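What follows is the residue order along each chain.
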Amino acid sequence: MDIEKAGSRREEEEPIVQKPKLDKGKGKAHVFAPPMNYSRIMEKHKQEKVNMASWKRGVAIFDFVLRLIAAITAMAAAAKMATTEETLPFFTQFLQFSADYTDLPTLSSFVIVNSIVGGYLTLSLPFSIVCIIRPLAVPPRLFLILCDTAMMGLTMMAASASAAIVYLAHNGNSSSNWLPVCQQFGDFCQGTSGAVVASFIAAALLMFLVVLSAFALKRST
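Residues numbered from 1 in each chain as written. Predicted model: local features only at pLDDT ≥ 70, side-chain atom pairs only at ≥ 80, totals over all residues. Heavy atoms only, no water.

## Digging into the nonpolar core
- Counting 34 residues, the largest nonpolar core has Met81, Phe110, Val117, Tyr120, Leu121 and Leu206 as the members making the most contacts within it.
- Counting residues per element, the ones that place at least two in this core are helix 2 (38-83), helix 3 (105-123), helix 4 (125-133), helix 5 (139-171) and helix 6 (186-220).
- Here this core takes eight residues from helix 6, the largest share from any one element.
- Excluding residues within four positions of it along the chain, Met81 makes contact with Tyr101, Leu107, Phe110, Val111, Thr192, Ala195 and Val196. (Core = buried A, V, L, I, M, F, W, Y, C linked by side-chain atoms within 4.5 Å. Buried < 20%, exposed > 50% of the residue type's maximum accessible area, 1.4 Å probe, protein only. Helix = DSSP H or I, 4+ residues; strand = E, 2+ residues; numbered from the N terminus. Contact = heavy atoms within 4.5 Å.)

## Section: a nonpolar patch on the surface
- Together, Ile61, Val65 and Ile69 give the surface a local cluster of nonpolar side chains, amounting to about 230 Å² of exposed area.
- Position of Ile69 among the secondary structure elements: in helix 2. (Patch = residues over 30% accessible without salt bridge, like charges linked within 9 Å, V, L, I, M, F, W, Y side chains within 5 Å. Areas by Shrake-Rupley, 256 points an atom, 1.4 Å probe, with all protein chains shown as cover. Salt bridge = Lys/Arg side-chain N within 4 Å of Asp/Glu carboxyl O.)

## What about the pattern of salt bridges?
- On inspection of all chains with the given rule, the structure shows two salt bridges.
- Between Arg67 and Asp63 there is a salt bridge, with its nearest N and O atoms 3.2 Å apart. Taken as a pair, Arg67 and Asp63 lie in helix 2 at a separation of four residues, close to a single helical turn. In this structure, Arg67 and Asp63 share a single accessibility class: buried.
- Of the charged contacts in the structure, one is a salt bridge between Asp148 and Arg67, with a shortest N-O distance of 2.9 Å.

## Concerning the UniProt feature "transmembrane region" (unreviewed entry) in the protein
- The residues that UniProt annotates with the feature "transmembrane region" (unreviewed entry) are residues 59-79, 107-130, 142-169 and 195-217.
- From the first C-alpha to the last, residues 107-130 spans 35 Å; its make-up is 96% helix and 0% strand.
- Between the end C-alpha atoms of residues 142-169 there is a gap of 41 Å, over a span that is 100% helix and 0% strand. (UniProt positions renumbered as here; feature names shortened; annotations may be inferred.)

## Observations regarding the packing of helix 3 against helix 5
- For the pair helix 3 and helix 5, the least separation of the axes is 9 Å and the interaxial angle reads 155°. Judged by the inter-axis angle, helix 3 sits roughly antiparallel to helix 5. As for the relative orientation of helix 3 and helix 5, their crossing is left-handed in sense. Contact residues: Thr106, Leu107, Phe110, Val113, Asn114, Val117 and Tyr120 in helix 3; Leu144, Cys147, Asp148, Met151, Leu154, Thr155, Ala158, Ala159, Ala161, Ser162 and Ile165 in helix 5.
- Its residues assigned to classes, the contact of helix 3 with helix 5 shows 13 nonpolar, four polar and one charged. (Axes fitted to C-alpha atoms, helices over the stretch in contact; angles between N-to-C directions. Parallel < 35°, antiparallel > 145°, perpendicular 65-115°, else oblique. Left-handed = near helix turned anticlockwise from the far one by under 90°. Nonpolar A, V, L, I, M, F, W, Y, C, P; charged D, E, K, R; others polar.)

## Here's the deal with the side chain of Asp100
- Locating Asp100 in the fold gives a position in strand 2 (residues 96-100).
- Buried and without a salt bridge, Asp100 has Lys80 as its closest oppositely charged side chain, separated by 12 Å.
- A polar side-chain atom of Asp100 sits 2.7 Å from a polar atom in the side chain of Thr102.
- When sequence neighbours within four positions are dropped, the list of residues in contact with Asp100 reads Thr84, Glu85 and Phe188. (Lys, Arg positive; Asp, Glu negative; His and termini not counted. Polar contact = N/O pair within 3.5 Å; in protein donor to acceptor, adjacent residues only side chain to side chain.)

## A few points about the environment of Thr83
- Here Thr83 lies in helix 2.
- We classify Thr83 as exposed; its relative accessible area is 60%.
- A sequence separation of 18 residues divides Thr83 from Tyr101, and the C-alpha atoms of the two residues are 8.3 Å apart.
- Engagement of the side chain of Thr83 in a polar contact is seen with the backbone oxygen of Lys80, the distance being 3.4 Å.

## What about the side chain of Arg141?
- Examined against the element boundaries, Arg141 turns out to sit in helix 5.
- There is no salt bridge for the buried Arg141, and the closest opposite charge comes from Asp63, which lies 5.0 Å off by N-O distance.
- If we ignore the near neighbours within four places in the chain, the residues touching Arg141 are Lys56, Val59, Ala60, Cys131, Pro135, Ser213, Ala216 and Leu217.

In structure tokens:
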């Protein structure tokens, strides 16, 4: 009697655990159905990707045009400086007065730097075409922005140094006894001034290309 009471008490104290009923039918895997607007979300994402690609293609086309203009400007600056020379009509038996870019190392460096920049910009046109064909590609645009930054620094350095020389040629410097020579070599000073202005334009275009590429890379990340 005591054993039956103890057993009944133990059954009352033990929690009742219900075992789940197994379905004896054919086992079927339950697949969670996608939300009702899943196709709409994917369509919207695809449309945004298409819009982004078209926008980047437009930026790449603009980049190509600016790059071509900058290449022409840099090579024109180098050619103008290299072909600018003047010889005064009066001379003696042993002395002839002439002015050439090779007389000043700064102007010689100007010609070399602008020739390098013009050659780089010409060789970079295929990379710009790749960005037009594949507007979402990041590596070619990253390569261009790095090289454009370096070339912009070189162009700005050469143009600034040559501008200082041209300024001294126009105005002179009484402290260093540098007399203005543009009164005698007017054509030479005019040609060098035009070359320096063209180099500054090329540097400004390179700066704009760097900003444009950085903005395009920011939109892609």
